[in-house]
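# Remarks on the overall topology
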Amino acid sequence: MFFLMENIHHPGKQDERDRLRPDHRDWVGSGGHGLCSVLIGSALWNDDGDAIGHWGVLEAATLADARAFAEGDPFYAQGVVADLKLTRLADGFQAQRISERMSPAIP
């Protein structure tokens, strides 16, 4: 199954985000140690160019695995994320159109 993950960050957490970014990227690159595969994602910015969150398209066997991945992210675990939303994508989602995943495919 594929999910859209949306994370909105607490305001004023730029220093914390900067400190945690290497750990966040490691988490994403590992798919949460195999919980899911991250197909694509990026930071979310406001109109002033300030980071306000991040999003990703995940492949996971279950919603519970997708949630465990999202909640295991250092940004979430260390209190940077104010709001987490996971939305299941259509069964016909064309994942093959994303040519290079950010983490290994799940078995």
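Residues numbered from 1 in each chain as written. Predicted model: local features only at pLDDT ≥ 70, side-chain atom pairs only at ≥ 80, totals over all residues. Heavy atoms only, no water.

## Some words on the environment of Ser30
- Relative to the assigned elements, Ser30 resides in helix α1 (residues 14-34).
- Relative accessible area serves as the criterion here: at 23%, Ser30 is assigned to the partly exposed category.
- Along the primary structure Ser30 and Ala66 are separated by 36 residues, whereas in three dimensions their C-alpha atoms are 13 Å apart.
- Engagement of the side chain of Ser30 in a polar contact is seen with the backbone nitrogen of Gly32, the distance being 3.2 Å. (Helix = DSSP H or I, 4+ residues; strand = E, 2+ residues; numbered from the N terminus. Buried < 20%, exposed > 50% of the residue type's maximum accessible area, 1.4 Å probe, protein only. Polar contact = N/O pair within 3.5 Å; in protein donor to acceptor, adjacent residues only side chain to side chain.)

## Here's the deal with α1
- For α1, with 21 residues, the first-to-last C-alpha span of 28 Å sits near the 30 Å given by 1.5 Å per residue.
- Approximately 65° is the largest bend angle found in α1, and it occurs at Val28.
- Its buried side turned inward, α1 meets β1 (2-9), β2 (37-45), β3 (51-59), α2 (63-72) and α3 (74-77). (Expected span 1.5 Å × (residues − 1). Bend = angle between axes of the 7 residues up to and from the residue. Contact = heavy atoms within 4.5 Å.)

## A closer look at the pattern of salt bridges
- A complete count under the given rule lists 5 salt bridges for this structure.
- Measuring nitrogen to oxygen at the nearest pair gives 2.6 Å for the salt bridge that ties Arg19 to Glu16. Remark: Glu16 and Arg19 occur in helix α1; sequence separation between them is 3 residues, near one turn of the helix.
- Accessibility expressed as a relative area gives 24% for Glu16, which makes it partly exposed. (Salt bridge = Lys/Arg side-chain N within 4 Å of Asp/Glu carboxyl O.)

## Comments concerning the sheet that holds strand β4 (residues 81-88)
- In space, the 4 strands of this open sheet follow the order β2-β3-β1-β4, with antiparallel pairing throughout. At either end of the open sheet lies a strand with only one pairing partner, and these are β2 and β4. Between one strand and the next, the sheet's axes are offset by a mean angle of 15°, whatever the strand orientation.
- As paired elements, β2 and β3 share 8 bridges and run antiparallel to each other. Note that in β3 the partner of Ile40 across the bridge is Val57. (Pairing = 2+ DSSP bridges. Axes fitted to C-alpha atoms, helices over the stretch in contact; angles between N-to-C directions.)

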